[in-house]
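Breakdown of the fold
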Amino acid sequence: MSENSNPEVRKGLYGVIADYTSVSKVMPETNSLTYRGYAVQDLVEHCSFEEVFYLLWNGELPNQEQMDEFNKKGRSYRKLDPGLISLIHSLPADCHPMDVMRTAVSYMGTKDPEHFTPDKDHITHVGHNLLAQLPMAMAMDIRRRQGKDIVAPDSNKGVAENLLSMVFGNDPDSPASNPEDVRDFEKSLILYAEHSFNASTFTARVITSTRSDVYSAISGAIGALKGPLHGGANEFVMHTMLEVDDPARARDWVNTTLDNKDLIMGFGHRVYKNGDSRVPSMEKSFRALAERHDGARWVAMYEEMAAAMDERTGIKPNLDFPAGPAYYLLGFPVDFFTPLFVIARVAGWTAHIVEQYENNSLIRPLSEYSGPQQREVVPMDQR
Ligand code: COA
């Protein structure tokens with residue numbers, strides 16, 4: 001490209017179609033989203049998280065036999081790893097939980113002699129292992145900060161119930177003991193599982209495109225997801241709601257924040273401009289959780305903030321806006337909301353890593369240089 005050609009620069013890759021994918025389709029014109037051709041709302045209503053995980057990897061929903069085999073295999077990876085336990089306990093108790101997740105993935109990579117094997121079987125093995133080990137890592141991290149012992153994984157439970165049980169225990173007042181809580185939590189995992197070429201998935205694909213290993217791709221993706229413009233927003237939503245505290249103050253808070261030209265987390269989206277396809281399903285679960293857990297205040301806060309934002313800017317909530325208070329009502333510590341997103345998104349990331357490996361082209365865009373013209377180095381004693 002010559003210097004004078006005045007190329008079009010798409011900052012933030014805004015609107016750029018970087019590759020083909022058959023994993024999911026985001027349709028902003030109809031506010032809809034499909035995973036392998038199935039509407040996400042249908043999957044939320046009719047499927048388990050494991051069925052959706054299977055679908056994202058294999059392209060089809062499983063029959064009972066396939067599901068049983070998948071679950072048997074996945075649950076066989078739920079073994080406490082003494083090395084991971086001591087690693088987690090060695091990390092600062094005040095570090096960000098996303099750093100623990102990223103470190104856990106790196107650690108798992110060091111223990112896998114086959115880590116450079118770029119084929120679907122190996123990536124599937126890693127995916128099962130991540131889906132077994134990351135909930136354990138997260139639960140251990142929560143409980144060590146609370147001075148509590150580990151709750152062992154249970155191979156008779158599904159992913160959602162097992163995670164809730166490892167975090168909150170199995171007493172009657174634990175969400176793990178309430179099938180409705182388990183189901184609403186599971187729905188959030190399905191909604192968080194996949195979303196085409198978002199920043200973390202694209203990061204995983206960039207790393208994969210260099211023929212690096214799957215653990216490097218996932219730990220890079222976790223780094224991208226941590227940011228508040230991406231997955232970190234679900235934590236910031238709840239920090240905001242706790243800061244505002246009283247729903248009667250929500251409108252003033254929104255207006256003042258917008259007057260100061262600050263962002264309000266949980267609103268807006270790079271692709272959807274008229275509403276996020278996943279919000280209605282997540283909002284339904286949030287309202288159901290609020291009914292069961294005395295959360296009317298957070299529903300009022302949600303409604304006030306959304307109405308104020310809509311009136312002033314027309315910008316709609318994204319998935320993180322109802323997911324944040326939903327996780328709060330389940331009892332998760334706020335800075336563990338994004339690690340929950342990681343566990344769900346392992347499904348989408350690994351499906352994209354397979355797709356990238358199978359039809360790879362190194363991802364390496366160009367840039368338009370805007371620095372000084374070429375010049376000569378003046379030696380130090382003449383500057
Ligand atoms: N709060 C306040 N203003 C916002 C906003 C928000 N959450 N989201 C977008 N805007 C504003 C932008 O600042 C911009 O204003 P300007 O035209 O005066 O510069 C305008 O709306 C258009 O922004 P847009 O081009 O649609 O945003 P984007 O595609 O570059 O960014 C996000 C998309 C997600 C990064 C952005 O909406 C955001 O930062 N949201 C908050 C973080 C969040 O919830 N992330 C999770 C996403 S799922």
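For the structure, see preceding data.
Note that this is a predicted model, so its numbers are computed, not measured. (Residues numbered from 1 in each chain as written. Predicted model: local features only at pLDDT ≥ 70, side-chain atom pairs only at ≥ 80, totals over all residues. Heavy atoms only, no water.)

As summarised here, the arrangement of the three strands in space is β1-β2-β3, forming an open sheet in which the pairing is antiparallel. Of all strands in the sheet, those with a lone pairing partner are β1 (24–27) and β3 (38–39), marking the two edges. The pairing of β1 with strand β2 (residues 32–35) spans four bridges and is antiparallel. From the neighbouring strand, V26 faces β2, where its bridge partner is L33. (Pairing = 2+ DSSP bridges. Helix = DSSP H or I, 4+ residues; strand = E, 2+ residues; numbered from the N terminus.)

Attention now goes to the side chain of S188. Tracing the backbone shows S188 in helix α8 (residues 179–192). Those residues within four positions of S188 in sequence are excluded, and the remaining contacts are M282 and Y327. (Contact = heavy atoms within 4.5 Å.)

Let us now look at the environment of S174. Mapped onto the secondary structure, S174 falls in the loop between α7 (159–168) and α8. For S174 and S212, which are 38 residues apart along the polypeptide, the C-alpha to C-alpha distance reads 41 Å. Setting aside residues up to four positions removed in sequence, S174 forms contacts with L164, F168 and G169. A distance of 2.7 Å separates a polar atom in the side chain of S174 from the backbone oxygen of G169. Among the polar contacts made by the side chain of S174, one reaches the main-chain amide nitrogen of A176 at a distance of 3.0 Å. (Polar contact = N/O pair within 3.5 Å; in protein donor to acceptor, adjacent residues only side chain to side chain.)

Our next topic: the site of the ligand. Neighbouring the ligand are 20 residues, the closest being I264, G266, F267, R270 and K273. Here F267 contributes a backbone N or O atom positioned 2.8 Å from a nitrogen atom of the ligand. Within the side chain of K273, one N or O atom sits 2.6 Å away from an oxygen atom of the ligand. Look at the ligand: alone it shows 870 Å² of surface, and the protein chains cover 62% of it. The residue makeup of the shell around the ligand, split by class, is eleven nonpolar, five polar and four charged. (Near = heavy atom within 4 Å. Areas by Shrake-Rupley, 256 points an atom, 1.4 Å probe, with all protein chains shown as cover. Nonpolar A, V, L, I, M, F, W, Y, C, P; charged D, E, K, R; others polar.)

Here we take up the packing of aromatic side chains. On inspection of all chains with the given rule, the structure shows 17 aromatic pairs. Their ring planes at 65 degrees and their centres at 5.7 Å tell us that W57 and F70 sit as a pair that is edge-to-face. Linking W57 in helix α2 (residues 49–58) with F70 in helix α3 (residues 64–76), this pair joins segments that are 13 residues apart in sequence. Relative to F202, the ring of F197 has its centre 6.0 Å away and its plane inclined at 35 degrees; by these criteria the two rings are tilted. (Phe/Tyr/Trp six-rings, centres within 6.5 Å; stacked < 30°, edge-to-face > 60°.)

Another point: the pairing of β2. Across the two faces of β2 the burial is the same, with S32 and T34 and L33 and Y35 all buried. Summarising the sheet, β2 and β3 pair through two bridges and their orientation is antiparallel. The residue of β3 that forms the bridge with T34 is A39. Hairpin geometry of β2 and β3 is characterised by an intervening segment of two residues between the two adjacent antiparallel strands and by a positive phi of about 50 degrees at R36. (Buried < 20%, exposed > 50% of the residue type's maximum accessible area, 1.4 Å probe, protein only.)

This part is about the packing of α2 against α8. Two elements in contact, α2 and α8, have axes separated by 9 Å at closest approach and are oriented at 15 degrees. By the angle between their axes, α2 is roughly parallel relative to α8. Where α2 crosses over α8, the handedness of that crossing is left-handed. Every residue of α8 that contacts α2 at F49, E50 and V52 is listed here: E186, L189 and I190. For the contact of α2 with α8, the residue count by class is four nonpolar, no polar and two charged. (Axes fitted to C-alpha atoms, helices over the stretch in contact; angles between N-to-C directions. Parallel < 35°, antiparallel > 145°, perpendicular 65-115°, else oblique. Left-handed = near helix turned anticlockwise from the far one by under 90°.)

Turning next to unusual backbone geometry. The backbone phi angle of D245 is positive, close to 70 degrees, even though this residue is not glycine. Positionally, D245 belongs in the loop between α11 (233–244) and α12 (250–259). You can call D245 partly exposed: its relative accessible area is 39%. Phi angles above zero are rare outside glycine, and K261 is one such case at about 60 degrees.

On to α8. In a regular helix each residue adds 1.5 Å, so 14 residues correspond to 20 Å; α8 covers 20 Å between its end C-alpha atoms and thus fits that length. Counting buried residues along α8, eleven of its 14 residues qualify, which places the element largely inside the surrounding structure. Those residues of α8 that fall on the buried side of the exposure criterion are D181, V182, D184, F185, E186, K187, S188, L189, I190, L191 and Y192. Where α8 begins, the side chain of N178 points an oxygen toward the backbone nitrogen of E180, at a separation of 2.9 Å. (Expected span 1.5 Å × (residues − 1).)

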